[in-house]
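As a plain string of letters, each chain reads:
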Amino acid sequence: MTRPVPPYTLEGWSPDGVELLRQATQPSRGVRLSVVVPNFDTAAFVPDAIASILAQTMPDLELVVVDDGSNDDSLQRILACTDPRLTVVRQRNRGLAGARNTGIVHSRASTIGFCDSDDVWHPEKAARQLAVMDREPDVGLTFSHSMYLTQEGEPTGQLLLSRCAQPTVRDLIARNHVGNGSTPVVRRACFARAGLFDEDLAAGCEDFEMWVRIACLSGMTVRLVPEVLTGYRIRWSSGSMTFDRFLSGHHLAIERVRSYVPGFTERNAR
């Protein structure tokens, strides 16, 4: 039996083991975008992620970094940043979906972006994607193309492109056109309607299921901004590279999708 969807509601969601270490000091009024950066043992990379967000040409944002129970010194490196737009939260380890959920709950803006702690944003990313959402209020999620980076952060010359400008629910079931968890910018209203990330899913499957659920339940559209605005770092130690975990998570994600997508068939599942 599948669990009812949404699995987590935005209002009143308060897990145990969460500690606010620093609150952004700039006034919430005028903050157009909250960017959530989940961190777990990425001391070598998270400073680059933070710097890329704070260097956006659209400065009316806040950065919410959630340390998911790290064992290295990444938390100390995060707290070394003195930018008044930075909020830092520490929690017991709950995985990527749990860290993103904590970040969403601690965010203040009406739109929320995501950047994994080993990835980076192009300086124009926030401005370009928000411009589309400002013009088109029915667009609930925008995403971009990505550049693959080496583990050292150098461009490989290879791109992760989507050929689908406005993917439907069925398109997103067939393929994760959003690409990776560092490309989307999402309206808060989408999470209010569709729920938060499913913490039972992992290895990238929490992304796939969340985008399908937003497309299905939010009443809003998903739109590609056809520019390379995200840098996606390839690390062989990352969870998304573990095929067995991905396959197990994918089967569970399909069962979740089956519970709320109208007319979802066994053929769709296969």
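Residues numbered from 1 in each chain as written. Predicted model: local features only at pLDDT ≥ 70, side-chain atom pairs only at ≥ 80, totals over all residues. Heavy atoms only, no water.

Novice: Help me understand a nonpolar patch on the surface in this model?
Specialist: Taken together, the side chains of Phe243, Phe246 and Leu247 make up a nonpolar region of the molecular surface, amounting to roughly 280 Å² of accessible area. Inspection of the secondary structure assignment puts Leu247 in helix 8 (residues 243–260). (Patch = residues over 30% accessible without salt bridge, like charges linked within 9 Å, V, L, I, M, F, W, Y side chains within 5 Å. Areas by Shrake-Rupley, 256 points an atom, 1.4 Å probe, with all protein chains shown as cover. Salt bridge = Lys/Arg side-chain N within 4 Å of Asp/Glu carboxyl O. Helix = DSSP H or I, 4+ residues; strand = E, 2+ residues; numbered from the N terminus.)

Novice: Hey, could you run me through the nonpolar core in this one?
Specialist: In a soluble, globular protein the nonpolar side chains are often hidden away together inside. Counting 35 residues, the largest nonpolar core has Phe191, Val212 and Ile214 as the members making the most contacts within it. Those elements that place two or more of their residues in this core are helix 3 (95–105), strand 5 (111–114), strand 7 (139–149), helix 5 (169–174), helix 6 (188–194), helix 7 (205–217), strand 10 (221–233) and helix 8. Ranked by residues supplied to this core, first place goes to helix 7 with seven residues. Once residues within four sequence positions are removed from consideration, Phe191 is found in contact with Leu10, Ile104, Ile112, Phe114, Val186, Leu196, Phe197, Met210 and Ile214. If you look at the next biggest cluster of nonpolar residues, it comprises 24 residues, including Val37, Ile50, Leu61 and Leu130. (Core = buried A, V, L, I, M, F, W, Y, C linked by side-chain atoms within 4.5 Å. Buried < 20%, exposed > 50% of the residue type's maximum accessible area, 1.4 Å probe, protein only. Contact = heavy atoms within 4.5 Å.)

Novice: How should helix 4 (residues 125–135) be read in this particular structure?
Specialist: Residue pairs three or four apart in sequence face the same way in an α-helix, which turns once every 3.6 residues. Taken residue by residue, helix 4 has Lys125, Ala126, Gln129, Leu130, Val132 and Met133 as its buried positions. Considered in projection along helix 4, the buried side chains sweep an arc of 150° and stay on one side of the axis. Exposed and facing more than 90 degrees away from the buried side of helix 4 are Asp134 and Arg135. Along its buried surface, helix 4 packs onto strand 2 (33–39), strand 5, strand 6 (120–121), strand 7, strand 9 (185–187) and strand 10. (Arc of directions from axis to C-beta.)

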